[in-house]
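Observations on chain architecture
Each chain, letter by letter, is given below.
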Amino acid sequence: MKGINFKFVLHLMGSLLLIESGLMLFPLIISLIYGEQGSFPILVSSAISAIAGGSFYFFTRGCSTEIGRREGYIIVSMVWVLFASFGALPYILSGYVSNWTDAFFEAASGFTTTGSTILVDIEILPNWLNFWR
């Protein structure tokens, strides 16, 4: 029985975090279009995601790309947690969501497209943050 290829799992997580960090730049474009100030949190969130993803990717390069069922289960589980964790950063850094649990819920709700929210009045959010939602 073979062990789990954790290096490849981390390598793939790094690739996916790099993609998420790139997607975080779209709200920045929205901010520029609407001439909004205060879009710095999305830029910082993108940079943090890129650094984490780049680190995972860089330190696991050259790993075996052999993947099995167990790796698949781990990848699917981890990607939801990692995407929601890093996706929560713009909410926390902007100050519109005050605690990590609510920010995580808001991000997970956005990624799963459930439409659930903890925010009472989404009209007060800047356009870039609504776009990220």
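Provided above is the structure to which this section pertains.
All chains use their own residue numbering, which begins from 1 and follows the written sequence. Under the rules for a predicted model, residues below a pLDDT of 70 receive no local features and side-chain atom pairs below 80 are neither given nor counted, while totals for whole chains, interfaces and linings still include all residues. Where side-chain values are given, they derive from all heavy atoms of the structure, hydrogens and water being excluded.

Structural notes on the packing of aromatic side chains
Each Phe, Tyr or Trp ring (for Trp, its six-membered ring) is paired with any other whose centre lies within 6.5 Å, and the angle between the two planes then decides the class: stacked below 30 degrees, edge-to-face above 60, tilted in between. In total, this model carries 3 aromatic pairs according to the counting rule given. Between Phe111 and Trp132, the aromatic rings sit 6.0 Å apart at their centres with planes inclined by 90 degrees, giving edge-to-face as the arrangement. Of the two residues, Phe111 sits in helix H6 (residues 100-112) while Trp132 sits in helix H7 (residues 127-132), which places them 21 residues apart along the sequence. Within the aromatic cluster, the residues linked to one another by ring pairs are Phe83, Phe111 and Trp132. Ring-over charges, as used throughout, are those where CZ of Arg or NZ of Lys falls within 6 Å of the ring centre and within 35 degrees of the ring normal. Positioned above the aromatic ring of Phe58 is the side chain of Arg61, whose terminal nitrogen or guanidinium carbon lies 3.9 Å from the ring centre. Secondary structure elements are defined from DSSP: runs of H or I of at least 4 residues count as helices, runs of E of at least 2 residues count as strands, and each element is numbered from the N terminus.

Some thoughts on a nonpolar patch on the surface
Excluding any residue in a salt bridge, patches collect residues exceeding 30% relative accessible area, merging like charges within 9 Å and nonpolar Val, Leu, Ile, Met, Phe, Trp and Tyr side chains within 5 Å. In short, Shrake-Rupley with a 1.4 Å probe defines the accessible areas, and a residue's cover is counted only from the protein chains shown. Here, a salt bridge means any Lys or Arg side-chain nitrogen found within 4 Å of an Asp or Glu carboxyl oxygen. Residues Ile19, Leu23, Phe26, Ile29, Ile33, Tyr34 and Phe131 make up a contiguous nonpolar surface patch of about 750 Å² in total accessible area. Contributing elements (two or more residues each) for the nonpolar patch: helix H1 (6-23) and helix H2 (25-34). Mapped onto the elements of the fold, Leu23 is located in helix H1. We classify Leu23 as partly exposed; its relative accessible area is 42%. Burial classes: relative accessible area under 20% of the type maximum marks a residue as buried, over 50% as exposed, and values in between as partly exposed (1.4 Å probe, protein chains only).

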